[in-house]
Amino acid sequence: MAIIVAFVQPKSPVVTIFWSLLLFLFLLVPLLIFFRNRWWRLATIPVLCVGDVVFGILIWPSANGDSKPSLGTVIESAKHTIATYTTQLPWRSMLLGLSIGVAATTILIWWFLKHRRAAENEKPRVQILTPLDTWHVGPRLTIRGSVFPSEISKVQLLVRPWNEAWYLHNEIQVNGSAWACNYRLEKPGISYEIVAVYGNSLKNPQYDELPPRVVKSNVVKIHQRPNVEELIDCPDQQLHQTKIADKDQIGHLVIVCAVRYQKVQEGHAPAHIEFVFCILNMSLYPMSVESIDGHITYFIDGEFYPAKLLPTLELKEKASNLGFRQPGWFKVQQDFKTEGEADLMLNALPDTTLFQFNSLNVKVSGGGSSMFLNTSNVSFRKRDNQWNQSDEMDFIFASMGDQKTTIETIKSAHSTELQKLQFELDNLKGLNDPD
């Protein structure tokens, strides 16, 4: 187009401006298509404008507008115009100004990009590191990734079997800027899609589409193959299998070691009964006592007596997040509706009063599962003051020796820690020593 316009030189300034604008638009469209990066676009558009202005100057009509110059005449005219302009321009000032402008523009762009990169780095983000996209995996695998910022990060996982909904999983272990999740693919021979989500904003158990306006990773697509080796990131495979099996045995692996009876009178409030439970976690998962329901069975003089109020759970934080082989304790408090009921229960003969706990459901949870403690064999008479299993209590008392050493070590400088440890020690000790 430029050659055609240059050969057929316009006869008026209006035509020259028209051809210049047309050439600018003609070159602008492929420029926008070719350069996807907006910074390249911003850099090339001024160059295009300058080139278009130069072209307009070269084809500006002469005084004799009716003449139709030949191509040679146009070239000679362009040479003369360029020579005239180049000899008259203040090149030193122009080069100095251009250098300053380029330097200032470069510094400004560098500063902008630096701060933009810093702002991008501060944004929350989450990634899936393994497995990679299109991997073939076995029925069980460990999904690992990274998360930022690491101080208060939480991660949720969305997994979608082929042509189904996205299922939410919250049992993600976050350690600093790394997170991991052991996952079992229930349906063999199909593809799965995995997405990690930053935070814990998702509440529904499943989603038809990926939730908008959440910080999430790229979608990783994997293929489950029954004959592919399991991708379990654990150095001890037997220990890992034991941990998996523990999920179905929580109710038996968290053991009730002892139950102690005590009558409590607090000021002018009606007296009530407290049963102090001591438990031992033998599961590889951290376990916590969550809630109770049901009732305690009372037998007075051989007759069943139902309390009018349900028992309540107290001090469950003492049995929260218990690690492997770690003991804990909590209280079950029995209040009474009337003074007559309290007098009957509290003053009944010790020899003829029996407590049974097979109808009391104590819910414990850990590792994404929850079950009830096995209390079917827990019963004792009031005169005995407590019930315990000697083997389990011996194990707990052995660990209490370490707590005693800790108490002696921090005795002079850490009075607060001393009181807490001594309080727990006294409660556990009392389960083995009748009043």
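In this report, the structure presented in the accompanying data block is examined. Here the structure is a predicted model, which means the values were calculated and not measured.

1. So, the overall build of the protein chain
The number of helices and strands found in the protein chain is 10 helices and 22 strands. Pairs at least 24 apart in sequence give 72% of the contacts found in the protein chain among residues at least 6 apart. Accessible surface computed for the protein chain: about 26400 Å², of which carbon and sulfur atoms make up 58%.

2. Things to note about unusual backbone geometry
Note: most residues except glycine have negative phi, and most peptide bonds are trans. For the peptide bond that leads from threonine 130 to proline 131, omega is 0 degrees, which places it in the cis range. Along the chain, proline 131 turns up in the loop between strand S1 (125-130) and strand S2 (136-137). The step from phenylalanine 148 to proline 149 runs through a cis peptide bond, and the omega angle for that step is -5 degrees. In this structure, proline 149 sits in the loop between strand S3 (140-148) and strand S4 (155-161). Located in the positive-phi region is asparagine 163, a residue other than glycine, with phi close to 65 degrees. Tracing the chain through its elements places asparagine 163 in the loop between S4 and strand S5 (166-169). Despite not being glycine, arginine 325 has its phi angle at roughly 65 degrees, a positive value. Among the secondary structure elements, arginine 325 is positioned in the loop between strand S16 (312-314) and strand S17 (326-334).

3. Observations regarding the nonpolar core
Val259, Phe275, Phe277, Ile279, Phe330 and Phe357 are the most contacted members of the largest nonpolar core, which totals 37 residues. When contributions to this core are tallied by element, the ones reaching two or more residues are strand S11 (254-264), strand S12 (272-281), strand S13 (288-294), strand S14 (297-300), S17, helix H8 (339-346) and strand S19 (360-366). Residues Leu185, Tyr192, Ile194 and Val220 belong to the second largest nonpolar core, which totals 20 residues.

Calculation criteria
Residues numbered from 1 in each chain as written. Predicted model: local features only at pLDDT ≥ 70, side-chain atom pairs only at ≥ 80, totals over all residues. Heavy atoms only, no water. Helix = DSSP H or I, 4+ residues; strand = E, 2+ residues; numbered from the N terminus. Contact = heavy atoms within 4.5 Å. Areas by Shrake-Rupley, 256 points an atom, 1.4 Å probe, with all protein chains shown as cover. Core = buried A, V, L, I, M, F, W, Y, C linked by side-chain atoms within 4.5 Å. Buried < 20%, exposed > 50% of the residue type's maximum accessible area, 1.4 Å probe, protein only.

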